[in-house]
Amino acid sequence: MHAHYGAGGDGGGSRRAAPLPGDAGLYFLGSLHELVAVGLHRPALEALCAGQRDLAEPPIDRAYLLKILDEEISRQFGHPLRPLIELVLNAADAARAPQPLVDVTVTDGRVDVCDTGVGMGLRAILSRLLIPFATDKRPGIDLGRFGVGFFSVLGFGLSDPESFSLHLTTGDGIEGWAIRVVAWPGGGEAPDAPASAPEEVGSARGRAAPEVAAALMCSVRRIAPLLGTRVRVTSGLLEASAVRAYLRDALHFFPASRALVLLDGAAVNDGRLISGGQLVQERIAHPGGALAGAGGLAGAGAVSAGSSGFAEPARERLEEAEEARERALLARFHVGGRGLLPSISAATFHAGVKVDACLALAELALIDFPGVIELTEGRDALKVGPEFTAVATAFYRRLIQLAAASGEGRRTRDRLAEMAAQISALMLQSAGWDEVARDLARALLGPGRCMVTPERREALLGFLGPSVAERLFVPESFWAEREWQPYLPGERELLEDELELDPAETLSALARRRGDLAGLQLLLARAANPHTTMVALCRSQLPPDRGGADAAAPRRAPGAPPLPEAAGRRPAGPLPCLGTRRLLLIRDDSPAVRRPSGWSDWYALRAAFDRASGVREADLERDLIVGEPVDGTACAAPRPGERTSGGEP
């Protein structure tokens, strides 16, 4: 079938074949997909583990197998260097206490990932490492769960096959094995070809196919016993500075309790890459009311504990499983502070490994989801579900607690409200926002706040007066505006709360009815069509505590002179007019509308009316500066018999 050389069994069989001269320990040489086929076929796997030289062809559909392997090797992650993270996750799962370590060494064109934890024997290599999706990782507990980390690294051989190689050495303390995979260009010579087996190599090369998996050659050798695993990836695509920057960015929030990651000897996840802020941990209650996987593990423990001779190991396994489950439901939040590297910004993490970054947030906000949160098929995005929503909700409530504990002022609380909405829209896909938005609004924004857009802020302040600024919440981003809009009153509610509004009417009719308001005549002269321009008079509301006393007073009839100013009303702003979606509001308590005098009142009337009518700001200022004389005649009201631009005397 292909080149196999036995060099002793590994506990799976008793046959021991004599190694060939110069190739001591060589168990397999051939295409990678052929070795995968051996791992899928139990008789062939047992024969290879027993050291047999000649194996029967496994009855595996080669076309389908190559298709599956090609899909996994060619799979694109969100970042081209993401496969290196898969190696770190596998090493972290294998690392052992009391001081679990993952040592990563980077040079130009090469990356080494090492651990001294649980290694593999030949049987585990064939049945776990080399079989896509075949994994003994525990969901919600272990980091790597898809069984494709090994194959994702092989993708580095796609763009530059001649510079690529993957060399893995592993052992469980009793034996040691070395696996080497290289990309075999179609016209090149077979790598690692032993001089003693030219016929097998030639046969293998003759079957080479253009598919990715078919172009990968693999050798398996027995080496001296060792404990742990070292993976060396060699590729011309691995530029040292870029790899180091990516690993620091992706792993700086990795839980050190799982494994301390050393990059060229320096720890990257001990907190030194973040300055300031607050790190909190929170136990997340499982939405289903029970810990993930608890039933299966507890049931297995009960059976073992009742069996003679297995009580103590079963108890230890149960304790380890309980610790792992508690760890799987622990979320971490880091709010505030700043990253000491330009690439470190707001991000979501899964078990401490970045799956999504958000450079749109100025503040540093890191969210580490528990291991029970599932990943998407691409392994670099999170699935939104009940557990995801529970973590998101806990994060928002943590913001409320931080704001209450810090006692910060309104500006800081408004910034927290802005940040919370941005995180909801950009990082958490609005999960859990409906459950906590109203609580956030009460805690961070306070009562009576209304949301207005940035472009409307100045107009509202000019119309309602600067004292209304305490009621305005102005989102800085589109995302914050989108998230808060369903939960905060807006401009319409603000105007209804602050103003007494008369019924709408045309400007021409209002000017005839209210001859006592001299400013209306100036507005009438400026209107392009006063017969269709809808307006409404308004004035400041009485404060709530004056409502009872004022209720008994007779209401002012339309056309009657204004009532004397009541104490406690908000003073009118400098702009007497405000445009809304339906009509134009005019304040009858504004001095510029009651009795305009001087150029400042004329300017306020004209500028406010033109803005409310939709005139562009640049055109408005140009006309004011260039087209109008600055003298007393500019603000004079029309004389009797003089026609205005609306055609009325």
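The coordinates are above.
The structure displayed is predicted, hence computed values, not measured ones.

**Q** Help me understand the pairing of strand β5 (residues 165–172), please; the structure alone is not making it clear to me.
**A** Within a regular beta strand, the side chains point alternately toward one face of the sheet and then the other, so they alternate between its two faces. Here β5 lies mainly inside the structure; 6 of its 8 residues are buried. Counting the residues that bridge the hairpin from β5 to strand β6 (residues 176–183) gives 3 residues, and of these Gly 173 lies at a positive phi of roughly 95°. In terms of strand pairing, β5 meets strand β8 (residues 227–234) through 8 bridges, oriented antiparallel. Within β8, the residue paired with Thr 170 across the bridge is Thr 229.

**Q** Looking at this structure, I do not really get the side chain of Arg 539. What am I missing?
**A** Turning to its location among the elements, Arg 539 is positioned in strand β22 (residues 534–540). There is a polar contact of 2.9 Å between the side chain of Arg 539 and the side chain of Asp 502.

**Q** How should I be thinking about the packing of aromatic side chains in this particular structure?
**A** For any two aromatic rings, the description comes down to two numbers: the centre-to-centre distance and the angle of the planes. In this structure the tally under the stated criterion is 10 aromatic pairs. Measuring from ring centre to ring centre gives 4.9 Å for Tyr 27 and Trp 177, while their planes differ by 85°; the resulting arrangement is edge-to-face. Residue Tyr 27 is found in strand β2 (residues 26–31), and its partner Trp 177 is found in strand β6; the two are separated by 150 residues along the sequence. A residue is classified by how much of its surface remains accessible, and Tyr 27, at 1% relative accessible area, is buried. Of note, Arg 332 hangs over the ring of Phe 253, and the distance from its end group to the ring centre comes to 4.1 Å. Above the plane of the ring of Phe 463 lies Arg 587, whose end atom (NZ or CZ) is 5.6 Å from the centre.

**Q** Just checking my understanding: could you explain the packing of helix α1 (residues 32–40) against helix α3 (residues 62–74) for this structure?
**A** Two quantities define a packed helix pair, namely the angle between the axes and the distance from one axis to the other. Two numbers describe how α1 lies on α3: the axes approach to 11 Å, and their chain directions differ by 105°. Judged on the interaxial angle alone, α3 and α1 are roughly perpendicular. From α1, His 33, Glu 34, Val 36, Ala 37 and Leu 40 reach across to α3, where they touch Arg 62, Leu 65, Leu 66 and Leu 69. Looking at the contact of α1 with α3 residue by residue, the class counts come to 6 nonpolar, 1 polar and 2 charged.

**Q** Just to check I follow, could you spell out the pairing of strand β4 (residues 110–115) for this structure?
**A** Here β4 lies mainly inside the structure; 5 of its 6 residues are buried. Linking strand β3 (residues 101–107) back to β4 in an antiparallel pair, the connection comprises 2 residues, with Gly 109 at a positive phi of about 85°. Where β4 and β8 come together, 6 bridges link them in antiparallel fashion. Its bridge partner lying in β8, Asp 115 is registered against Thr 229.

**Q** Mind showing me how you'd approach the environment of Met 217 here?
**A** Within the element layout of this structure, Met 217 appears in strand β7 (residues 216–223). Among the residues examined, Met 217 registers a relative accessible area of 4% and is labelled buried.

**Q** Please clarify how helix α16 (residues 491–498) should be interpreted in this entry.
**A** Residues spaced three or four apart along an α-helix point in a common direction, a consequence of the helix completing one turn every 3.6 residues. Taken together, the buried positions of α16 are occupied by Glu 491, Leu 494, Leu 495 and Glu 498. Down the axis of α16, the buried set is contained in an arc of 95°. They therefore lie on one face.

**Q** What is the right way to read the pattern of salt bridges from this model?
**A** Close approach of charged atoms lets side chains of opposite charge pair. All told, the structure shown has 36 salt bridges when counted by the stated rule. Between Asp 112 and Arg 232 there is a salt bridge whose closest N-O contact spans 2.7 Å. Here the residue Asp 112 occupies a position in strand β4, and Arg 232 occupies one in strand β8, the gap between them amounting to 120 residues. Measuring nitrogen to oxygen at the nearest pair gives 3.3 Å for the salt bridge that ties Asp 610 to Arg 606. Here Asp 610 pairs with Arg 606, and both are found in helix α21 (residues 598–612), just 4 residues apart, close to one helical turn.

**Q** Where do I start with the environment of Gln 281 in this structure?
**A** Here Gln 281 shows up in strand β12 (residues 278–283). Sequence separation between Gln 281 and Arg 332 is 51 residues, and the spatial gap between their C-alpha atoms is 4.4 Å. Once residues lying within four places of it in the same chain are set aside, the contact partners of Gln 281 are Leu 330, Ala 331, Arg 332 and Arg 398.

What counts and how
Residues numbered from 1 in each chain as written. Predicted model: local features only at pLDDT ≥ 70, side-chain atom pairs only at ≥ 80, totals over all residues. Heavy atoms only, no water. Buried < 20%, exposed > 50% of the residue type's maximum accessible area, 1.4 Å probe, protein only. Helix = DSSP H or I, 4+ residues; strand = E, 2+ residues; numbered from the N terminus. Pairing = 2+ DSSP bridges. Polar contact = N/O pair within 3.5 Å; in protein donor to acceptor, adjacent residues only side chain to side chain. Phe/Tyr/Trp six-rings, centres within 6.5 Å; stacked < 30°, edge-to-face > 60°. Lys NZ or Arg CZ within 6 Å of the ring centre and 35° of its normal. Axes fitted to C-alpha atoms, helices over the stretch in contact; angles between N-to-C directions. Parallel < 35°, antiparallel > 145°, perpendicular 65-115°, else oblique. Contact = heavy atoms within 4.5 Å. Nonpolar A, V, L, I, M, F, W, Y, C, P; charged D, E, K, R; others polar. Arc of directions from axis to C-beta. Salt bridge = Lys/Arg side-chain N within 4 Å of Asp/Glu carboxyl O.

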